[in-house]
Amino acid sequence: MATAPLAPDLVPRMWRAARARGVGAPDWGGTAPPRDCALPPDRYRALLAERATGVRLDLREDRARVTAPPGSVIRLWNGATTTLHSGDGEENTLLLPPADPSDLSAGRTGVAVFTRGDRLGTGRPGAYAAIRL
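Residues numbered from 1 in each chain as written. Predicted model: local features only at pLDDT ≥ 70, side-chain atom pairs only at ≥ 80, totals over all residues. Heavy atoms only, no water.

Draft legend 1. Expanded view of the environment of alanine 106. Looking at where alanine 106 falls in the secondary structure, it is placed in the loop between β5 (91-95) and β6 (109-114). Distance from alanine 106 to tryptophan 77, taken between C-alpha atoms, is 9.1 Å for residues 29 residues apart in sequence. Setting aside residues up to four positions removed in sequence, alanine 106 forms contacts with Asn78, Gly79, Ala99 and Asp100. (Helix = DSSP H or I, 4+ residues; strand = E, 2+ residues; numbered from the N terminus. Contact = heavy atoms within 4.5 Å.)

See below:
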């Protein structure tokens, strides 16, 4: 939410302001830009359209319940075997791909949702989502 020349000054200020309000995640639910946001309204709306805000993932033994925005990409995997789906804004139950018996990584499952500029995942990518700065 800051242009490159303004980022060194604005990003720390916006981060401190968010932390003071108890916001510790890079995602946010509001539609109003932060006070110090340097993006014009049209670019801020474009940024919101690229977010994975509202994505819900529930990974179970052989399936995943996924709510993802229209046009997003949903990738499920079981070891090296993957399937690809499209989000439609509704909750969907998607079957994980069957395990390949010759794949040593079979049984390692996960699901990830990708929008144009954002992502949210479980399984191996979930570790990255848990990182706190």
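Draft legend 2. Expanded view of the side chain of threonine 67. Relative to the elements of secondary structure, threonine 67 occurs in strand β2 (residues 63-67). Here threonine 67 falls in the buried class, since its relative accessible area comes to 8%. In this view, threonine 67 contacts Gly54, Val55, Arg56, Gly89, Glu90 and Glu91; residues no more than four positions away in its chain are not counted. (Buried < 20%, exposed > 50% of the residue type's maximum accessible area, 1.4 Å probe, protein only.)

Draft legend 3. Representation of the sheet that holds strand β1 (residues 56-59) in the model. Across the sheet, 3 strands lie side by side as β1-β2-β5; this open sheet has antiparallel pairing. Because the sheet does not close on itself, it has two edges, and the strands there are β1 and β5. Geometrically, the sheet is characterised by an average inter-axis angle of 15 degrees between neighbouring strands, direction not taken into account. In this sheet, β5 lies alongside β2 in antiparallel orientation, the contact comprising 5 bridges. In the sheet register, alanine 64 faces β5, and the bridge partner there is leucine 94. (Pairing = 2+ DSSP bridges. Axes fitted to C-alpha atoms, helices over the stretch in contact; angles between N-to-C directions.)

Draft legend 4. Fine view of the nonpolar core. Residues Ala52, Val55, Ala64, Val66, Ala68, Ile74, Leu76, Leu94, Leu96, Val111 and Val113 constitute the largest nonpolar core, which totals 11 residues. Elements represented by at least two residues in this core include exactly β2, β3 (73-78) and β6. (Core = buried A, V, L, I, M, F, W, Y, C linked by side-chain atoms within 4.5 Å.)

Draft legend 5. Focus on the pattern of salt bridges. Under the criterion given, the structure shown has 5 salt bridges. Here aspartate 36 ties to arginine 13 by a salt bridge, and the two come within 3.1 Å at their closest N and O atoms. Note that aspartate 36 is positioned in the loop between α1 (7-20) and α2 (41-49) and arginine 13 in helix α1, a separation of 23 residues in sequence. For arginine 13, a relative accessible area of 33% puts it in the partly exposed group. Aspartate 62 serves as the salt-bridge partner of arginine 63, at 3.0 Å between the closest nitrogen and oxygen. In this structure arginine 63 comes out as partly exposed when scored by relative accessible area, which is 33%. With relative accessibility at 39%, the residue aspartate 62 sits in the partly exposed group. (Salt bridge = Lys/Arg side-chain N within 4 Å of Asp/Glu carboxyl O.)

Draft legend 6. Main features of the pairing of β3. The pairing of β3 with strand β4 (residues 81-86) spans 6 bridges and is classified as antiparallel. Note that in β4 the partner of tryptophan 77 across the bridge is threonine 82. Where β3 folds back onto β4 in an antiparallel hairpin, the turn is made up of 2 residues, including glycine 79, whose phi is positive at roughly 65 degrees. Examined bridge by bridge, β3 and β6 share 6 bridges and lie antiparallel to one another. If you follow arginine 75 over to β6, its bridge partner there is alanine 112.

Draft legend 7. Expanded view of the pairing of β1. Inspection of the sheet shows β1 paired to β2 by 4 bridges, in the antiparallel sense. Looking across to β2, one finds that leucine 57 is bridged to valine 66.

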